[in-house]
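Tertiary structure, described
One-letter residues, chain by chain:
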Amino acid sequence: MQKKKDEYLKTEIEFDFESVEDSQGGGLMALVSRAGSSYCIRTDIRRGRTRQNVAFGVVNNVEAPIVKEKTVVFSSLSCNNVKIAQKFPLGTLGFQGKRKNSVTVAASPPTEDAVVATEPLTKEDLVGYLASGCKPKENWRIGTEHEKFGFEIKTLRPMKYEQIAELLNGISERFDWDKVMEGDKIIGLKQGKQSISLEPGGQFELSGAPLETLHQTCAEVNSHLYQVKAVAEEMGIGFLGIGFQPKLAIKDIPVMPKGRYEIMRNYMPKVGSLGLDMMFRTCTVQVNLDFSSEADMIRKFRAGLALQPIATALFANSPFTEGKPNGYLSMRSQIWTDTDKDRTGMLPFVFDDSFGFEQYVDYALDVPMYFVYRKKKYIDCTGMTFRDFMAGNLPCIPGELPNLNDWENHLTTIFPEVRLKRYLEMRGADGGPWRRLCALPAFWVGLLYDEVSLQSVLDMTADWTPEEREMLRNKVPKTGLKTPFRDGLLQHVAEDVLKLAKDGLERRGFKESGFLNAVAEVVQTGVTPAEKLLELYHGKWGQSVDPVFEELLY
């Protein structure tokens, strides 16, 4: 089957772009040439059945390996006539064969085996990568991620890596997850489009599959917690839903055997005073949401940034450090203010008239790198930028040029309050008990996936100044919904915002608005979850934080 290089391989559409997840397990390899000023991509792809990574489509007049009997076509939004050749590790697409026993998968993208391009990446390629996330509204999905602290029920001490390995192996064997290894160490699990991974201090993270409704999302959370508890309880292990480790110092937290975290641990103290606290002592819940176009991305990005301090307040749940009140309602949020100013914050440039995919690429190009992954090793490239890498000027790997997996990895090391990849991540909330794990995606889906609510948010926040947005970001971790704002309190703004979220969910027609009940009382009373914990600490708990391990036990 000979085709010209500007033709596409076509069969019927059976696979959507939103199901391709960013993860350590694999990354998108795309060669994109710019066509016009708007970046959206149409591609048609077949999958070949092979054990190796397969190139899809036609690259340089060479046809990729194709097996006719089982093909999957992949199609994303078409804007301009952009020509593209793409390559995916099969794991990225979530393809799994039938298996009798658990499978072991690679821990990180095998970038050294995944290079299709013979020419260096251009800035247009990087822009095209972000734009490839565009998808029509009917394909928008909800991806929820949450972290939790594992602890020994008898001692309240954190799980050691050996216990975590036993837990991961147990979940794998009992519930049929694939093991993710780094060297000879188990560091995570994958099952379909879900993954379980470890944060630097052993925080246990579920990265959920992209799902259509909040009912599916909440069911996924419940299923995960059931599986984890089924194995953990037999080991005498519990899990705590809170934003910051309430009892132990950093020196008491075990370090996970992951190469990228070693690099980060050495670098963090050079760029901020609280970076190690972020790595080892925080837990969050976040939601990942789609966009249809560059213009839609911009609107959602701005709404998400403007309202992120409200989410921080509603979910504030980290008032204790080393056994005592720390003076904050969300210590987790406060920690991000002194972690690394090069890669965190409220991104005021998103509100510039010129903002778009290209401007985010310009920002990310100048964020210092952490590492490059080559030959199954993480290479320390701290202090250099991806712009340096594009020019072949990384001293850690002299003369080498990046591929799109390197770009994908780099984007995961940027930590603003809202983060752009091929979707948008809402990153402002503390971890909490399971009802709030369902409420956080409900809040943002109601606001951002309903056109009326989204426009209302943009109208409401249109005259907020950069200084006001920054003020809210800085004061909310301490004062929550009682933060003064203009002629009233942030609580009053939150009342309007929650109404918009509820109305947006009702217009979706899936009967999802009940998921907001967990935060409705917070808005009504102005009392955050953290303030309720402080009241218990000063009263019923007799100034001990130990009861929080029972209060917020999953």
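Residues numbered from 1 in each chain as written. Predicted model: local features only at pLDDT ≥ 70, side-chain atom pairs only at ≥ 80, totals over all residues. Heavy atoms only, no water.

The protein is annotated in an unreviewed UniProt entry as Glutamate--cysteine ligase, chloroplastic from Hibiscus sabdariffa. Recorded under Subcellular location (unreviewed entry), the UniProt text for the protein is reproduced unchanged: "Plastid, Chloroplast". (UniProt positions renumbered as here; feature names shortened; annotations may be inferred.)

Glancing now at the overall build of the protein. Of regular secondary structure, the protein possesses 17 helices and 25 strands. Counting all 554 residues of the protein, 61% fall into the buried class. Looking at the protein as shown, the accessible area adds up to about 21900 Å², and 49% of this sits on carbon and sulfur atoms. (Helix = DSSP H or I, 4+ residues; strand = E, 2+ residues; numbered from the N terminus. Buried < 20%, exposed > 50% of the residue type's maximum accessible area, 1.4 Å probe, protein only. Areas by Shrake-Rupley, 256 points an atom, 1.4 Å probe, with all protein chains shown as cover.)

On to helix 6 (residues 294-314). The end-to-end C-alpha distance of helix 6 is 29 Å, a good match for the 30 Å that 21 residues give at a rise of 1.5 Å each. A bend of about 45° at Leu307 is the largest found in helix 6, and the proline Pro309 appears one to four places after it. Of all the 21 residues making up helix 6, 18 are buried; the element is thus mostly covered by neighbouring parts of the structure. (Expected span 1.5 Å × (residues − 1). Bend = angle between axes of the 7 residues up to and from the residue.)

What follows is about the confidence of the model for the protein. Any segment with low pLDDT has predicted coordinates that should not be analysed in fine detail. Of all residues in the protein, 79% attain a pLDDT of 70 or more, and the chain-wide mean is 85. Contacts of residues 1-100 to residues separated by more than four positions or lying in other chains number 244 contacts, the stretch itself having pLDDT below 50. A low-confidence stretch, residues 108-116 stays under pLDDT 50, and its non-local contacts, those more than four residues away or across chains, total 29 contacts. (pLDDT = per-residue confidence, 0-100. Contact = heavy atoms within 4.5 Å.)

Once that is clear, we can look at the packing of aromatic side chains. Throughout the structure, instances matching the rule amount to 19 aromatic pairs. Measuring from ring centre to ring centre gives 5.3 Å for Trp336 and Phe415, while their planes differ by 50°; the resulting arrangement is tilted. Of this pair, Trp336 sits in helix 7 (residues 331-336) while Phe415 sits in strand 21 (residues 415-416), placing them 79 residues apart in sequence. Given the relative accessible area of 10%, Trp336 is considered buried. The buried category is assigned to Phe415, whose relative accessible area is 9%. Aromatic rings pair up to connect Phe301, Phe349, Phe355, Tyr360 and Tyr363 into one cluster. Lys300 extends its terminal NZ or CZ atom over the ring of Trp140, reaching a point 3.4 Å from the ring centre. The ring of Trp336 has Arg427 sitting right over it, with the charged end atom 5.6 Å from the ring centre. (Phe/Tyr/Trp six-rings, centres within 6.5 Å; stacked < 30°, edge-to-face > 60°. Lys NZ or Arg CZ within 6 Å of the ring centre and 35° of its normal.)

This paragraph deals with the environment of Asp380. Within the fold, Asp380 resides in strand 20 (residues 377-380). Spatially, the C-alpha atoms of Asp380 and Gly259 are 9.5 Å apart, while their sequence positions differ by 121 residues. Every residue in contact with Asp380, bar those within four places of it in the chain, is listed here: Ile263, Tyr370 and Cys396. A distance of 2.7 Å separates polar atoms of two side chains, one belonging to Asp380 and the other to Thr382. (Polar contact = N/O pair within 3.5 Å; in protein donor to acceptor, adjacent residues only side chain to side chain.)

What follows concerns the state of the cysteines. All told, the structure shown has two disulfides when counted by the stated rule. Here Cys218 engages in a disulfide with Cys438; their sulfurs sit 2.0 Å apart. A torsion of 80° about the S-S bond marks the disulfide between Cys218 and Cys438 as right-handed. Highlighted residues: Cys218 in helix 3 (residues 214-232) and Cys438 in helix 11 (residues 434-448), separated in sequence by 220 residues. Cys438 gets classed as buried once you look at its relative accessible area, which sits at 3%. For the protein, the bonded cysteines connect in the pattern 1-4, 2-3 when numbered consecutively along the sequence. (Disulfide = S-S within 2.5 Å.)

The subject of this paragraph is the side chain of Arg260. Along the chain, Arg260 falls in helix 4 (residues 259-271). It turns out Arg260 is buried and unbridged, and the closest side chain with the opposite charge, Glu182, is 7.8 Å from it. Among the polar contacts made by the side chain of Arg260, one reaches the side chain of Thr412 at a distance of 3.2 Å. (Lys, Arg positive; Asp, Glu negative; His and termini not counted. Salt bridge = Lys/Arg side-chain N within 4 Å of Asp/Glu carboxyl O.)

In this section: the pairing of strand 19 (residues 371-374). Residues Phe371 and Tyr373 point to one face of strand 19 and Val372 and Arg374 to the other, with burial holding for every one of them. Two strands pair when backbone bridges link them, and strand 19 and strand 20 are joined in this way by four bridges, in the antiparallel orientation. Residue pairing across strands places Val372 opposite Ile379, the latter belonging to strand 20. Between strand 19 and strand 20, which pair antiparallel and follow one another directly, the connecting turn spans two residues, one of which, Lys375, has a positive phi of 50°. (Pairing = 2+ DSSP bridges.)

So, on to the nonpolar core. Note that soluble globular proteins tend to have their nonpolar side chains buried in a common cluster. Judged by nonpolar contacts, the single largest core of 111 residues is most densely connected at Phe204, Phe301, Tyr360, Trp407, Phe443, Trp444 and Leu447. With eleven residues, helix 6 is the largest single contributor of residues to this core. Membership of the second largest hydrophobic core comes to 20 residues, among which are Phe244, Ile263, Met264 and Tyr370. (Core = buried A, V, L, I, M, F, W, Y, C linked by side-chain atoms within 4.5 Å.)

As for its position among the elements, Gly542 is in the loop between helix 16 (529-538) and helix 17 (548-551). Beyond its immediate sequence surroundings of up to four residues, Gly542 is in contact with Leu536 and Tyr537.

Turning to the environment of Leu168, a few remarks are in order. You can see Leu168 is positioned in helix 2 (residues 161-175). Sequence spacing of Leu168 and Val231 is 63 residues, and the spatial spacing of their C-alpha atoms is 8.9 Å. Beyond its immediate chain neighbours, meaning those up to four positions away, Leu168 contacts Ile186, Ile187, Gly188, Leu189, Ile196, Leu198 and Phe204.

To continue, consider helix 1 (residues 123-131). In terms of burial, helix 1 is a largely internal element, seven of the nine residues being buried. Taken as a whole, helix 1 has its buried residues at Asp125, Leu126, Val127, Gly128, Tyr129, Leu130 and Ala131.

Moving on, we get to the packing of helix 14 (residues 490-508) against helix 15 (residues 517-525). Where helix 14 contacts helix 15, the axes come no closer than 8 Å and their chain directions differ by 145°. Seen along the crossing, helix 14 lies across helix 15 with a hand that is left-handed. For the pair formed by helix 14 and helix 15, the contact residues are Gln491, Ala494, Glu495 and Leu498 on the first element and Val519, Ala520, Val523, Gln524 and Thr525 on the second. (Axes fitted to C-alpha atoms, helices over the stretch in contact; angles between N-to-C directions. Left-handed = near helix turned anticlockwise from the far one by under 90°.)

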